Amino acid sequence: MTNLIKRKKAERRFQFYGIFAVSLSLLFVLTLIINIFSSGIGGFYKTSFLMEIHFDQKLLKLEDNPSSDQIEDASFRKLVSYNFEQNFSQYSKDELKQIKKLFYRKIDKETQNYLLQNPEYLNQKIELLFTASTDIDQIHKGNFNRNIPEKQRSINDFQLGIYDQFVESEKVKSVFNKGYFLSGDSRDPESAGVASSVMGSVFTILICFLLSFPIAIFASIYLEEFAKPGKVTDLIEININNLAAVPSIIFGLLGLGILLNFFGLPRSTSLVGGMVLSFMTLPTIIVACRSSLR
């Protein structure tokens, strides 16, 4: 009776230790997730400048009621330069160049896209939101110390003064960055997004599923229900168990050496990644499926 009581107490202690360990690990995971989101939430927003634009029909050399193709063929660089000169007429050409660096370098493309979506604004003046440069975006979000010496900054004092004027006139806005979810890879941080990475991951997983799942299921059924005991079957089972313990880096080298270099499959595609991932998951699925069948 005494031993039974001690055993139950030991079981309760062990159960408590298990619950405590699981709760602690979940707390760590939750803390990590909160830390990641709190640090990266600023990436979902971008800093923009509010500036007046006159869609001058003569500068764009467009006819009345232009088509989308005509707007796409039009050059918006002259239009943007003209509007900068009008909005900052009190500054010299060199100062205008510095002011332009506060904006995303493809401001002409942003202007063109807006007119494509709103052709009725041709020959009209309207205030638009233009994406700020990465440096200004980081300053506005408080991620960069603007008080360090000017020589150590990519934004000089004159540009900071222009930025402060925009802030005082309430022409600096933080807007939701839709392009982050709709754009692909880019050399420009302002236009970079995760769309291509997400789609690449989806296609990689889809290819892995289509390759590994049916092969693993049929292999499991054959080994468990039809294969006769023998040296060949033992050899197959040993290799499957060994493959389940192979580090993932080995499968990566296999994909690089065999699939890419030997077979010449295309690089930077989801095909090779999906195939390598299917090689990794095949042994695990076979072992689990055989256990369930058994």
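Just so it is clear, the model here is predicted, and its values are computed rather than measured.

Cut-offs and rules
Residue positions are given per chain, counting from 1 as you read along its sequence in written order. Under the rules for a predicted model, residues below a pLDDT of 70 receive no local features and side-chain atom pairs below 80 are neither given nor counted, while totals for whole chains, interfaces and linings still include all residues. Side-chain calculation: all heavy atoms of the structure are included, whereas hydrogens and water are not. Think of it this way: DSSP has to see at least two bridges between two strands before they count as a pair. A run of H or I in DSSP counts as a helix once it spans at least four residues, and a run of E counts as a strand once it spans at least two, with each numbered from the N terminus. A fitted line through C-alpha atoms serves as each axis, taken over the contacting stretch for helices, and the angle formed by two N-to-C directions is quoted from 0 to 180°. In this scheme, a helix's expected span is set at 1.5 Å multiplied by one less than its residue total. Think of it this way: the bend at a residue is just the angle between two axes, each fitted to seven residues, one set ending at that residue and the other starting at it. Only protein chains enter the accessibility calculation, which uses a 1.4 Å probe; a residue whose area is less than 20% of its type maximum is buried, one above 50% is exposed, and one in between is partly exposed. Two residues qualify as a contact provided that any one of their heavy atoms is within 4.5 Å of a heavy atom in the partner residue.

## Thoughts on the sheet that holds strand 3 (residues 172-176)
Two pairing modes exist for strands in a sheet, parallel and antiparallel, and in both the strands are linked by backbone hydrogen bonds.
Point 1. With respect to topology, three strands assemble into an open sheet ordered 2-1-3, the strand pairing being antiparallel. Edge positions in the open sheet fall to strand 2 (125-131) and strand 3, since each of these has one partner strand only. With strand direction ignored, the average angle separating the axes of adjacent strands in the sheet is 45°.
Point 2. Note that strand 1 (residues 45-54) and strand 3 share five bridges and pair antiparallel. Paired with T47 across the bridge in strand 3 is S174.

## A word on helix 12 (residues 248-262)
Point 1. For helix 12, with 15 residues, the first-to-last C-alpha span of 20 Å sits near the 21 Å given by 1.5 Å per residue.
Point 2. The sharpest bend along helix 12 reaches about 25° and sits at G255.
Point 3. For helix 12, the complete set of buried residues consists of F251, G255, L259 and L260.
Point 4. Packing partners of the buried residues in helix 12 comprise helix 11 (231-244) and helix 13 (270-293).
Point 5. Once helix 12 ends, the next one or two residues include G264, with phi positive near 70°.

## Here's the deal with the side chain of D137
Point 1. Relative to the elements of secondary structure, D137 occurs in helix 7 (residues 134-140).
Point 2. Of the residues examined, D137 reaches a relative accessible area of 11% and is grouped as buried.
Point 3. Beyond its immediate stretch of four places on either side in the chain, D137 contacts Y45, K46 and T47.

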